[in-house]
Each structure stands twice: as C-alpha cells, then as structure tokens.
Amino acid sequence: MADALPLTDHYAASDEPELVRSPAARYVFVTGAGAPGDDEYYRKKALVVDVARALAPPASPGASEPVAEGQYWYPEGSTQVGIADFYSVHPVSALHYRLMAAVGATTTDADLAAARLAAASPSDPTEDRLELFDLPEETVVQVMHHGPFADELATLDRLGRFAEQAGVARSGPHREMYLDAYTSTTPQDTLRTILRDPVA
C-alpha cells in the first residue's frame, strides 16, 4: 500500500483528511511533559525556534521563522487512545511531548552546539537538553486544522473516522505542525495546524 501512496510536501495538507506518505526530515528538539500551552511549553517552543533559526533559514516557503512542530504521547502503561479520542481520554496534563523544528539533513551535533550559542535565546536555561533526531518517511493520515487549538477535537474526530474507513490505526506519537508563528497571547482564529498521525 505504501508504495502507491503520494509523497506529500513536508508542510502541506488538505482541508479534507488524506492518507499519504510524509517525507523524512532531521529535527532539533527538546522534550517536556504537561499540558501544551503552559508557560514551560511556550518557553521550550521558543527555544527550539530560536536555535533552528540560527541553524538555517525557515524551511517553509513564505514563513518568517522556522515552523514549530510537536509530537505528543501518554506515559507507558496508559490506556491506549486512537486518533479521534487522543485528547479526550486522559487529562492533557499527563502528556509527554517533543517540541521540534526541521533543520538541514546534514546538521551535526557540533552545528547544533554552535547554533545554540549563537542564538543566545532568552528562553534557554542550561538544564534543557537540545538534541537532533531523524524522522523517517512514513505513512500518515493528516488534515489541515483551521482556528483555535481547542477546536481540534472535532477535526481529529473527522481524521479518526477517515482512518477507520481506510483500515488503518495510529502507530506512533500524534504530531502537529504549527504553520503560523504564535505565542500565548496570539489570537488563534486564523492559525493553521497540520494534524498528522503515523498509521499502519
């Protein structure tokens, strides 16, 4: 099945759910735990974007800064959740996450260390561990969500029903790609977020 699926652009998704292949990418990331949207979450997000900006120009065409992305999962031993009910079974305060931004495929640990120094991010305490990792090309279901993050439940319900009809299920961390720069005070009505889940 995977060989017959189209390979999507990294920062592209339809307004209607779709089953595609997402491209491989290298990321700088930092991990965290707790509810997305608290002060620590926004600090870590700003750190990743600051360092990615020091490493390379924005990867998304037309973007003014690197695109922040997130992978989300619940602790080992938690009741399994699917796509549609990802945020509705457990309290979001139980989430673990990886906040990340795509960087060049040849970026090294030395490049990352130099960029962290050059960025001199005000969001950078010394205890945060920034690392690189590679996400392989994979089969995903995805859809573009428009508007507030609180409204993602309805969009994820559509995506989950589409996955069921396609005969696939989530096989890894839930992923979100925040195409528009935002802070804790940004109005969310016009934000675009790709909701992307690896499936098998």
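Our subject is the structure that appears above.
Residues numbered from 1 in each chain as written. Predicted model: local features only at pLDDT ≥ 70, side-chain atom pairs only at ≥ 80, totals over all residues. Heavy atoms only, no water.

### Notes on the environment of Y42
Piece 1. Within the secondary structure layout, Y42 lies in helix α1 (residues 39-55).
Piece 2. Under the relative-accessibility criterion, Y42 is labelled buried at 16%.
Piece 3. Expressed as a C-alpha distance, the spacing of Y42 and Y182, which sit 140 residues apart in the sequence, is 9.5 Å.
Piece 4. Setting aside residues up to four positions removed in sequence, Y42 forms contacts with G37, Y182, T183 and S184. (Helix = DSSP H or I, 4+ residues; strand = E, 2+ residues; numbered from the N terminus. Buried < 20%, exposed > 50% of the residue type's maximum accessible area, 1.4 Å probe, protein only. Contact = heavy atoms within 4.5 Å.)

### Observations concerning the layout of surface pockets
Piece 1. Volume-wise, the largest pocket comes out at about 370 Å³.
Piece 2. Surrounding the largest pocket, 22 residues form its lining, Q80, V81, G82, F86 and R170 being those nearest its centre.
Piece 3. Secondary-structure elements contributing two or more residues to the lining of the largest pocket are β3 (68-73) and α3 (152-166).
Piece 4. For the lining of the largest pocket, the element with the most residues is α3, which contributes 3 residues.
Piece 5. Looking at the lining of the largest pocket residue by residue, the classes come out as 12 nonpolar, 7 polar and 3 charged.
Piece 6. Mapped onto the lining of the second largest pocket, the elements with two or more residues apiece are α1, α3 and β7 (174-178). (1 Å grid on protein atoms, 1.4 Å probe; cavity = no way out; pocket = protein on both sides within 12 Å on 5 of 7 lines; lining within 4 Å. Points joined across faces, edges and corners; volume = space filled by probe spheres on them. Nonpolar A, V, L, I, M, F, W, Y, C, P; charged D, E, K, R; others polar.)

### Focus: the sheet that holds strand β5 (residues 131-135)
Piece 1. Here 8 strands make up an open sheet; going across it, the order is β1-β6-β8-β7-β3-β4-β2-β5 and the pairing antiparallel. The sheet is open, and its two borders are formed by β1 (18-22) and β5, each paired with just one other strand. When the angles between neighbouring strand axes are averaged without regard to direction, this sheet yields 35 degrees.
Piece 2. Bridge count between β3 and β7: 5 bridges; the pairing is antiparallel. Within β7, the residue paired with Y72 across the bridge is H174.
Piece 3. Its contacts with the sheet put α1 on β2 (25-33), β3, β4 (96-103) and β7, and the angle it makes with β4 is roughly 20 degrees. (Pairing = 2+ DSSP bridges. Axes fitted to C-alpha atoms, helices over the stretch in contact; angles between N-to-C directions.)

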